[in-house]
Amino acid sequence: MKFARALVLILAGSAVLWGFAKVMNSLDGLKNPRRLAFILNSPSLPSSVRDVDCSSDTITDVIISCAFAIEPKEFDRLLVGWKFDQQASGIGTSYSKYPNLGHEFDIGIRYQAQPPSFKHGGVVELLSNADKTRAVASRYEE
């Protein structure tokens with residue numbers, strides 16, 4: 001009888017913890033495309049953006065990264081929110097220095113912007129594979 005009671009308490013506690021985790025994840029919105037739009041300073045995203053996975057680890061500065069998939073023909077629509085400078089193509093390194101987000105890919109294209117609206121400094125970076133189907137966008141603002 002004591003064993004059955006303990007088992008019921010353990011299962012009930014586990015269900016409560018699981019439910020709490022689900023609610024917190026939904027409130028945090030780590031898969032919310034609006035986070036990606038915030039990074040890119042864009043009122044809307046291309047309709048083909050999918051599989052958005054974001055991470056934000058700090059409180060004092062704005063540091064957020066999102067990995068996502070996109071149709072290549074719509075990739076250039078991601079570049080309208082900031083004045084991006086394209087850096088070397090064919091970089092060939094993975095984005096492993098970023099949070100463990102999305103599917104790993106080799107960086108083929110890197111865009112950076114240093115918005116003047118970031119009063120104390122910062123950078124927005126958009127990394128993509130060569131065929132522009134996978135990308136990671138990051139925003140660091142002091």
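This text goes with the structure placed above it.
Residues numbered from 1 in each chain as written. Predicted model: local features only at pLDDT ≥ 70, side-chain atom pairs only at ≥ 80, totals over all residues. Heavy atoms only, no water.

Student: Describe the overall build of the chain, with residues and values.
Tutor: In terms of helices and strands, the chain carries two helices and six strands. Reading the chain from its N terminus to its C terminus gives the helix and strand order α-α-β-β-β-β-β-β. Put simply, the chain has 142 residues, and 39% of those count as buried. Taking the intrachain contacts of the chain between residues at least 6 apart in sequence as the baseline, contacts between residues at least 24 apart amount to 48%. (Helix = DSSP H or I, 4+ residues; strand = E, 2+ residues; numbered from the N terminus. Buried < 20%, exposed > 50% of the residue type's maximum accessible area, 1.4 Å probe, protein only. Contact = heavy atoms within 4.5 Å.)

Student: Now, about the pattern of salt bridges: what can you tell me, with residues and values included?
Tutor: Evaluation of the coordinates by the stated rule reveals five salt bridges. Put simply, Asp76 and Lys132 hold a salt bridge, and the shortest N to O gap is 3.7 Å. With Asp76 in the loop between strand 2 (62–69) and strand 3 (85–87) and Lys132 in the loop between strand 5 (122–128) and strand 6 (134–141), this residue pair connects regions lying 56 residues apart in the sequence. Note that Glu125 and Arg110 form a salt bridge whose closest N and O atoms lie 3.1 Å from each other. Here Glu125, found in strand 5, pairs with Arg110, found in strand 4 (residues 109–113); they are 15 residues apart in sequence, far enough to count as distant. We classify Glu125 as buried; its relative accessible area is 9%. The class for Arg110 is buried, based on a relative accessible area of 17%. (Salt bridge = Lys/Arg side-chain N within 4 Å of Asp/Glu carboxyl O.)

Student: So what's going on with the pairing of strand 5? Which residues, and what values?
Tutor: Buried residues dominate strand 5, accounting for six of its seven residues. Judged from the five bridges that link them, strand 4 and strand 5 form a sheet pairing that is antiparallel. Pairing of Ile109 across the sheet is with Ser128, part of strand 5. Two elements, strand 5 and strand 6, share seven bridges in a ladder whose sense is antiparallel. Within strand 6, the position partnered with Val123 by the bridge is Tyr140. The loop that links strand 5 with its antiparallel partner strand 6 comprises five residues; one of these, Lys132, has a positive phi angle of about 60°. (Pairing = 2+ DSSP bridges.)

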